[in-house]
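What follows is each chain in one-letter form.
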Amino acid sequence: MTGLEPTDAAIVRALTEDGRRSFTELAEHVGLSVSAVHQRVRRLEQRGVLRGYTARVDPEQLGMPMTALISLTPFDPSAPDDYPKRLEHLSQIESCYSVAGDESYILLVRVASPGGLEELLQQIRAAANVSTRTTVVLSTPYEHRSPAV
């Protein structure tokens, strides 16, 4: 990873594999003392390399087995580019990506059913005044991969 020396890169790699590793486990993994690892992790957090720690949940277990990617294209290309703000109230939108190409944004959404997706599409179109193109995800061989460190 550019900008990281090997020990910090090893710490980042270990935490991306398991963010619940203790400082003791990290210290054993990289061959430093617990206090040295703690200082390094704190510095990595302060620099913004480590931006947080989260729990990953299974959307299917939460009643949202359907995943889709929704591309947004503005009807009026001269309209303000405020779509993320207009759509932030829709909790089914997990991620919003600004992209180059014909579309302006691509949304990753999770819903309970095809009917739920249809309702969400109507809400998106009404809130953002855009046309949409939807791709339904059939399976997810992998997701949330860590960058190569």
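Anything mentioned here points back to the structure above.
Here's a quick rundown of the structure. (Residues numbered from 1 in each chain as written. Predicted model: local features only at pLDDT ≥ 70, side-chain atom pairs only at ≥ 80, totals over all residues. Heavy atoms only, no water.)

**Let's talk about the layout of surface pockets**
There is about 1,200 Å³ of room inside the largest pocket. Lining the largest pocket are 37 residues, and of these T54, A55, R56, E143 and H144 lie nearest its centre. Of all elements in the fold, only α1 (6-17) and β2 (93-98) reach the threshold of two or more residues within the lining of the largest pocket. It is α1 that provides the largest number of residues to the lining of the largest pocket, a total of four residues. Its residues assigned to classes, the lining of the largest pocket comprises 15 nonpolar, 11 polar and 11 charged. (1 Å grid on protein atoms, 1.4 Å probe; cavity = no way out; pocket = protein on both sides within 12 Å on 5 of 7 lines; lining within 4 Å. Points joined across faces, edges and corners; volume = space filled by probe spheres on them. Helix = DSSP H or I, 4+ residues; strand = E, 2+ residues; numbered from the N terminus. Nonpolar A, V, L, I, M, F, W, Y, C, P; charged D, E, K, R; others polar.)

**Thoughts on the sheet that holds strand β3 (residues 105-111)**
With antiparallel pairing, the four strands of this open sheet are ordered in space as β2-β3-β1-β4. Every interior strand has two partners, whereas the edge strands, β2 and β4 (130-136), have only one. Going from strand to strand, the sheet's axes swing by 20° on average, the running direction of each strand aside. Bridge count for strand β1 (residues 66-74) against β4 is seven bridges, and the pairing is antiparallel. From the neighbouring strand, P74 faces β4, where its bridge partner is V130. Packing of helix α5 (residues 114-128) onto the sheet brings it into contact with β1, β2, β3 and β4, and relative to β4 it is tilted by some 155°. (Pairing = 2+ DSSP bridges. Axes fitted to C-alpha atoms, helices over the stretch in contact; angles between N-to-C directions. Contact = heavy atoms within 4.5 Å.)

**Describing the packing of helix α2 (residues 23-30) against helix α3 (residues 34-47)**
Interaxial distance between α2 and α3 falls to 8 Å at its minimum, and their mutual angle equals 100°. It follows from the interaxial angle that α2 and α3 lie roughly perpendicular. Note on element contacts: α3 touches α2 through V34, V37, H38 and V41, opposite F23, T24, L26, A27 and V30. Broken down by class, the residue content of the contact of α2 with α3 amounts to seven nonpolar, two polar and no charged. (Parallel < 35°, antiparallel > 145°, perpendicular 65-115°, else oblique.)

**What to know about the pattern of salt bridges**
Side-chain pairs of opposite charge can arise where the charged atoms are in close proximity. Under the definition given, this model contains eight salt bridges. A salt bridge links R21 to E17; the nearest nitrogen and oxygen atoms lie 3.4 Å apart. Residue R21 is classed as partly exposed on the basis of its relative accessible area, which comes to 23%. The partner of E94 in a salt bridge is R110, with the nearest N and O atoms 2.5 Å apart. Placement of the pair is E94 in strand β2 and R110 in strand β3, with a sequence separation of 16 residues. Salt bridges here are not isolated pairs; linked through shared partners, they connect E5, D8 and R40. (Salt bridge = Lys/Arg side-chain N within 4 Å of Asp/Glu carboxyl O. Buried < 20%, exposed > 50% of the residue type's maximum accessible area, 1.4 Å probe, protein only.)

**With respect to the pairing of β3**
A large share of β3 lies buried, amounting to six of its seven residues. Direction of pairing for β1 relative to β3: antiparallel, over a ladder of seven bridges. What sits directly across from M66, in β3, is V111. Summarising the sheet, β2 and β3 pair through five bridges and their orientation is antiparallel. The residue bridging C96 from the neighbouring strand is L107, located in β3. The antiparallel hairpin formed by β2 and β3 contains six residues in its connecting segment, where G101 sits at a positive phi of about 125°.

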